[in-house]
Amino acid sequence: MSYENSKESHIIYDHPRRIALVDCNNFYASCERVFKPAWQHKPVAVLSNNDGCIIARSNEVKAAGIPMGAPYFKCKKELDAIGAIVLSSNYSLYGDMSARVMDTLAQYTPDMEIYSIDEAWLDLTGFKLDTLTDYGRQIVKDTHRFTGIPVSMGIAPTKVLAKLANRVCKKQNIKGQVFDLTQVDDLDAVLASVDIEDVWGIGRKLSQKLREKHQIKTALDLKNTDANQMRRLYSVVMQRLILELQGHPCLFAEDVEPKKQIIASRSFGERVTSQDDLMQAISMHTARACEKLRSQGSVAGSISVSIRTSPFQAREPFFSRHASTQFVTPTADTSLMIKGASEALKHIYKKGPKYAKAGVMLNDIQQANEIQQDFFAEPSPKSDALMGVLDAVNQRYGKNTLFYGSQGVQHKWQMKRNNMTPRFTTSWSDIPKV
DNA sequence: TCTGGGGTCCTAGGACCC
DNA sequence: TCTGGGGTCCTAGGACCC
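Worth saying up front: this structure is predicted, and the values here are computed from it rather than measured.

Turning next to the sheet that holds strand 8 (residues 178-180). The strand order across the open sheet built from 5 strands is 5-6-1-7-8, with neighbouring strands paired in mixed fashion. Strands at the two margins of the open sheet, each flanked by one partner only, are strand 5 (112-116) and strand 8. Taking the axes of each pair of neighbouring strands and ignoring which way they run, one obtains an average angle of 15° across the sheet. Direction of pairing for strand 1 (residues 19-24) relative to strand 7 (residues 151-156): antiparallel, over a ladder of 6 bridges. Pairing of V22 across the sheet is with M153, part of strand 7.

Here we take up the sheet that holds strand 2 (residues 44-47). The 3 strands lie next to each other as 3-2-4, forming an open sheet whose pairing is mixed. Bordering the open sheet on either side are strand 3 (54-57) and strand 4 (85-87), each of which pairs with just one other strand. Direction aside, neighbouring strands of the sheet carry axes that sit 25° apart on average. Of the strand pairs in this sheet, strand 2 and strand 3 are connected by 3 bridges, and their pairing is antiparallel. The partner of L47 across the bridge, within strand 3, is I54. Sheet strands touched by helix 1 (residues 27-34): strand 2, strand 3 and strand 4. Its angle to strand 2, the strand with the most contacts, is close to 115°.

All right, on to the protein's contact with DNA strand B then. Close to DNA strand B lie 25 residues, the nearest being R240, I263, S265, S267 and Q313. Within the backbone of I263, one N or O atom sits 2.6 Å away from a phosphate oxygen of DNA strand B. At 3.2 Å, a side-chain N or O of R288 approaches a phosphate oxygen of DNA strand B. Ranked by residue count, the leading element in the surface near DNA strand B is strand 9 (residues 262-272), at 7 residues.

Close to DNA strand C lie 13 residues, the nearest being E119, K163, G201, G203 and L206. Contacts to DNA strand C include G203, whose backbone N or O atom sits 3.0 Å from a phosphate oxygen. Note that a phosphate oxygen of DNA strand C is positioned 3.4 Å from one of the backbone N or O atoms of K205. Every element with two or more residues in the surface near DNA strand C is listed here: strand 5 and helix 8 (204-214). Here the surface near DNA strand C takes 3 residues from helix 8, the largest share from any one element. Within the surface near DNA strand C, the residues separate by chemical class into 5 nonpolar, 3 polar and 5 charged.

Analysis parameters
Residues numbered from 1 in each chain as written. Chains lettered and ligands numbered in written order. Predicted model: local features only at pLDDT ≥ 70, side-chain atom pairs only at ≥ 80, totals over all residues. Heavy atoms only, no water. Pairing = 2+ DSSP bridges. Helix = DSSP H or I, 4+ residues; strand = E, 2+ residues; numbered from the N terminus. Axes fitted to C-alpha atoms, helices over the stretch in contact; angles between N-to-C directions. Contact = heavy atoms within 4.5 Å. Near = heavy atom within 4 Å. Polar contact = N/O pair within 3.5 Å; in protein donor to acceptor, adjacent residues only side chain to side chain. Nonpolar A, V, L, I, M, F, W, Y, C, P; charged D, E, K, R; others polar.

That's the geometry; what it means functionally is another story.
Below, the structure written as structure tokens:
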């Protein structure tokens, strides 16, 4: 096995490039099944925050025709009819299970890129080509055995093709859950079987345009276009996508950079009208956002606050506003941020609308050790120490052990989570009993 | 009655610099 | 090989992803 440094791997072509995309099958539903074996062959659906939409479905639920993202209240009957287990989302569990899957996958290549909570790219360039499929099957099998989570793998020379291979693998339930696109006799036939909207990077708008303007209906149709011309008509993103479909790598592993924008927002469990209630929610979101900010060693130059009513209520006009506060010196201090957020809220709050959601966004993010200081401001070394203690205590004793008074203690608008499973792997009190 | 949350990248266009 | 306004910074908005 020979392996090139990830930054240079796209320049050196000693070996044909081989990228594997590993994707957990029905991830959230699968996590729930790990600790409830009785649910193994039952339909399982997982809901978004506030028990709003369907965000994960077991195969049985998919087979019943219940679409991804559908509002729960609209498909409750169908779910009941098939005897589905319907659960509130349990992010502590999913986050921990994800870490286990990633730890396992990392054993099989020196170059892995975590792409989302349930997906990772494994660079297998330079591995022995004639045994790659077997190697993939081993990875899939081991991951299932070590974590309880079933996964699928697509292998190809580019990311777009690997993604496509993974999709075909799941759809056709390929043996061993590995589909190596470089091993098929008729690649074009495979591409012709994939609808244009199922190509990674082609969303709702683009697929509609491609279908209507260019009669492009499948991945094959798109592959057969002129990439340069399509760049002129669309964008460089489209050009790259086409080149990747043609087998020319354009997308490479990216280093994990600190976030440039941090968002914390939630819909309310029930509508909110008063400024006090809004401010409590915004204080909570601000505290959470600042925690994330500090955890990546950053400071932010501005905070933006947003409030809105429900966009789905036909009876009442949609109301949505946002405002931001700039800081002379970028900061990660929760109390300064809450103060800034409070000022912003005062500007935009209007009495009357029934608010459905509030949130904050931190912008102009920089590394804390690189900031331009304010010449006239008093330095406040106490802030860093205080935030350090705050984070350390909450880390050790659990979320919100220490919190700001403005966050309040009783939240009638708390999000709905009517059917959540225990935090089997992250809380001593929830540990499974045998 | 009930519709998630958190991100990224790209483009266009304006203001401004030399 | 041909030729030549070039360039930065900022914001808003659109599109995509999971």
